[in-house]
Amino acid sequence: MSLKDKRILIGLTGGIACYKIPYLVRYLWREKAEIRTIMTENATRFITPLTLESVSNNPVATDLFPPNRFAGTHHIDLARWPDLIMVAPATANFMGKIASGISDDLLTTVICATPKPVMIAPAMNPQMWLNKVTQRNHDILGNLGYIFIEPDEGYTACDHYGVGRMAEPQELFEAVKQFFFDRAKGSKKTLTGKKIVVTAGPTREAVDPVRFLTNRSSGKMGYALAEAAASLGAQTTLISGPVNIPPPLGVHLIRIESTDELHAAVKKAFASCDCLIMAAAPADFSPAQSLETKIKRAASDLSLNLKPTKDILKEVARRKKAGQIVVGFALETDDALANARKKLSEKKLDMVVVNTPGEDTGFDHDTNEVTLLVPKKRPVKLALASKSEISYHILDRVSALL
Ligand code: CTP
């Protein structure tokens, strides 16, 4: 999704996460978006307007009544200019003010005056985030149509652990791209009210404390599916092995490492979901015993005893309740359709997405070429397309099955 000529207004309020915003500005700028920024007085205590001016190539607005005023109305011009406004970092104070209709500085006045969509990326101490008034304001604003990029869990600058850290600049950037992608697609919310669980990425099976067995799965297909499911309105849980992709917007992320951990997480999430899509590539074998100390170098050969892991899909599909849909993937190098059909019936699946590793397909590629198999129907071969586009096709099928 190109951001060429998209006008994005970024509002910064007073939080330490301000130091991350120049990265966001650069990501957007590289995609040829036009960027303007507004800083509250407290934001200018954390980074200087000069920093933002330099990375955005535009002057930074800070005053409701700037000394060298030009004709026209400063806050109304700024309110009308963008295609999208993002407030990041957004403090509890900022959220409280706009939830109450207070406009006592340039940013809150622009927010009050704008007809444009507004995204909010909160950043604060975990206790401030949990504060009932902050949560009430979050709900009020969410119900009014403000789009939240929820804070992450982890250590905050004040060294407290919990939810409150601003989402990383890369995630904010993805959120902006997703926003324009959805808008361009005129995304119909066909999965509203549905709970979808997607698994993604490889697993790691420990050999000893420093070594593990894994595979080449990048997680791209599963992440694209989760992103598409969320944008179609589904309440989406993504259970992910170790990968290098930021979590998609609006998705509940559960991280796992081993196939056993994946199994436990899937079992739990499956109990209350409408559809499970197993795009992960769990290891089929695991060391029979994981050693507690590092295996030392030796001159002789070393053999590892491997035991099969649980077939998660098969285990879970056996227990599916009426109305639940289970989708599996089949990565095949030969006899693709015949092997995939076998998986479809043996694992009692509702759909299998068949793919074969190739030049532009399979592991670590942004594109894929797949065939969709459902019981008693002819296979549907999709043309080579981005993993995002393929995800929408798969989810169209899921939506029909549901
Ligand atoms: N899968 C699973 N648990 C495993 C291994 C695989 O649930 N321990 C799931 C994958 O997520 C995928 C499907 O099973 O959705 C098929 O995976 P694939 O590797 O193609 O097939 P396998 O069943 O592992 O059989 P084989 O490797 O022999 O083709």
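Residues numbered from 1 in each chain as written. Predicted model: local features only at pLDDT ≥ 70, side-chain atom pairs only at ≥ 80, totals over all residues. Heavy atoms only, no water.

Asker: For this particular structure, what's the right way to read the environment of Ala-298?
Answerer: For Ala-298, the position within the fold is in the loop between strand 15 (285-287) and strand 16 (306-308). A C-alpha to C-alpha distance of 51 Å links Ala-298 and Lys-195, two positions 103 residues apart in sequence. (Helix = DSSP H or I, 4+ residues; strand = E, 2+ residues; numbered from the N terminus.)

Asker: It is not clear to me how the packing of helix 4 (residues 92-99) against helix 7 (residues 132-143) should be interpreted in this structure. Could you clarify?
Answerer: Two measures define how a pair of helices packs: the angle their axes make with one another and the distance between the axes. Contact geometry of helix 4 with helix 7 gives a least axis separation of 9 Å together with a crossing angle of 50°. Judged by the angle between their axes, helix 4 and helix 7 are oblique. Helix 4 and helix 7 meet at a crossing whose hand is left-handed. In this structure, helix 4 uses Ala-92, Met-95, Gly-96, Ile-98 and Ala-99 to contact helix 7, whose residues at the interface are Thr-134, Asn-137, His-138, Ile-140 and Leu-141. The residue makeup of the contact of helix 4 with helix 7, split by class, is six nonpolar, four polar and no charged. (Axes fitted to C-alpha atoms, helices over the stretch in contact; angles between N-to-C directions. Parallel < 35°, antiparallel > 145°, perpendicular 65-115°, else oblique. Left-handed = near helix turned anticlockwise from the far one by under 90°. Contact = heavy atoms within 4.5 Å. Nonpolar A, V, L, I, M, F, W, Y, C, P; charged D, E, K, R; others polar.)

Asker: Would you mind showing me how to read the side chain of Ser-286 here?
Answerer: Turning to its location among the elements, Ser-286 is positioned in strand 15. Residue class for Ser-286 comes out buried when judged on its relative accessible area of 10%. In contact with Ser-286, other than residues within four places in its own chain, are Glu-205, Asn-305, Leu-306, Lys-307 and Thr-309. (Buried < 20%, exposed > 50% of the residue type's maximum accessible area, 1.4 Å probe, protein only.)

Asker: So what exactly am I meant to see when it comes to the sheet that holds strand 2 (residues 34-39) here?
Answerer: One key point about sheets: their strands pair by backbone hydrogen bonds, in either a parallel or an antiparallel sense. The six strands are arranged 3-2-1-4-5-6 in an open sheet whose pairing can be described as parallel. Each of the sheet's edge strands pairs with one partner strand only, and the pair in question is strand 3 (60-61) and strand 6 (147-148). Two strands pair when backbone bridges link them, and strand 2 and strand 3 are joined in this way by two bridges, in the parallel orientation. Bridge pairing in strand 3 links Thr-37 to Val-60. Against the sheet, helix 1 (residues 21-30) engages strand 1 (7-12), strand 2 and strand 4 (84-90), with an angle of about 180° to strand 1. (Pairing = 2+ DSSP bridges.)

Asker: Can you help me understand a nonpolar patch on the surface in this one?
Answerer: A cluster of nonpolar side chains, Ile-16, Tyr-19 and Phe-46, forms an exposed patch at the surface whose accessible area comes to about 310 Å². The residue Phe-46 is located in the loop between strand 2 and helix 2 (49-56) in this model. Overall, the relative accessible area of 39% leaves Phe-46 in the partly exposed class. (Patch = residues over 30% accessible without salt bridge, like charges linked within 9 Å, V, L, I, M, F, W, Y side chains within 5 Å. Areas by Shrake-Rupley, 256 points an atom, 1.4 Å probe, with all protein chains shown as cover. Salt bridge = Lys/Arg side-chain N within 4 Å of Asp/Glu carboxyl O.)

Asker: Teacher, can you tell me more about helix 9 (residues 220-231) here?
Answerer: Residues separated by three or four positions in an α-helix point in the same direction, a consequence of the helix having 3.6 residues per turn. Here helix 9 contains 12 residues, and its C-alpha end-to-end distance of 16 Å stays within 8% of the 16 Å for a straight helix at 1.5 Å per residue. Most of helix 9 is tucked away: 10 of the 12 residues are buried. When we look at burial in helix 9, the residues that qualify are Met-221, Gly-222, Tyr-223, Ala-224, Leu-225, Ala-226, Ala-228, Ala-229, Ala-230 and Ser-231. Following helix 9 by one or two positions, Gly-233 has its phi on the positive side, about 100°. (Expected span 1.5 Å × (residues − 1).)

Asker: Help me out: how do you make sense of the site of the ligand in this one?
Answerer: In the region of the ligand, 16 residues are neighbours, and Met-278, Ala-280, Leu-313, Phe-329 and Lys-347 sit closest. In the environment of the ligand, a nitrogen atom lies 3.4 Å from a nitrogen or oxygen atom belonging to the side chain of Thr-309. Phe-329 has a polar backbone atom sitting 2.8 Å from an oxygen atom of the ligand. Computed on the free molecule, the ligand has an accessible area of 570 Å², of which 76% lies beneath the protein chains in the complex. Listed by contribution, the elements that provide at least two residues to the shell around the ligand are helix 11 (312-318) and strand 17 (325-331). Ranked by residue count, the leading element in the shell around the ligand is strand 17, at four residues. For the shell around the ligand, a count of residues per class yields nine nonpolar, two polar and five charged. (Near = heavy atom within 4 Å. Polar contact = N/O pair within 3.5 Å; in protein donor to acceptor, adjacent residues only side chain to side chain.)

Asker: Would you take a moment to explain the domain arrangement of the protein for this structure?
Answerer: The extent of an interface is frequently quoted as the accessible surface area lost upon association of the parts. Domain annotation of the protein identifies domain 1 (7-183) and domain 2 (190-283 + 306-401). Between the C-alpha centres of domain 1 and domain 2 the distance comes to 35 Å. Taken together, the nine residues of domain 1 in the interface contact seven residues of domain 2. For the pair domain 1 and domain 2, the two sides together bury roughly 670 Å², of which 66% comes from carbon and sulfur. Ranking the residues of domain 1 by area buried against domain 2 places Glu-171, Gln-178 and Phe-181 at the top, with a combined share of 54%. Put simply, domain 1 and domain 2 have zero salt bridges between them. Our enumeration of links across domain 1 and domain 2 arrives at zero residue pairs in polar contact (both at pLDDT 80 or more). It is helix 8 (residues 169-185) that contributes the most residues to the side of domain 1 that touches domain 2, seven residues altogether. In terms of residue class, the side of domain 1 that touches domain 2 is made up of four nonpolar, two polar and three charged. (Domains from an automatic or database assignment. Buried area = accessible area lost by both parts, 1.4 Å probe.)

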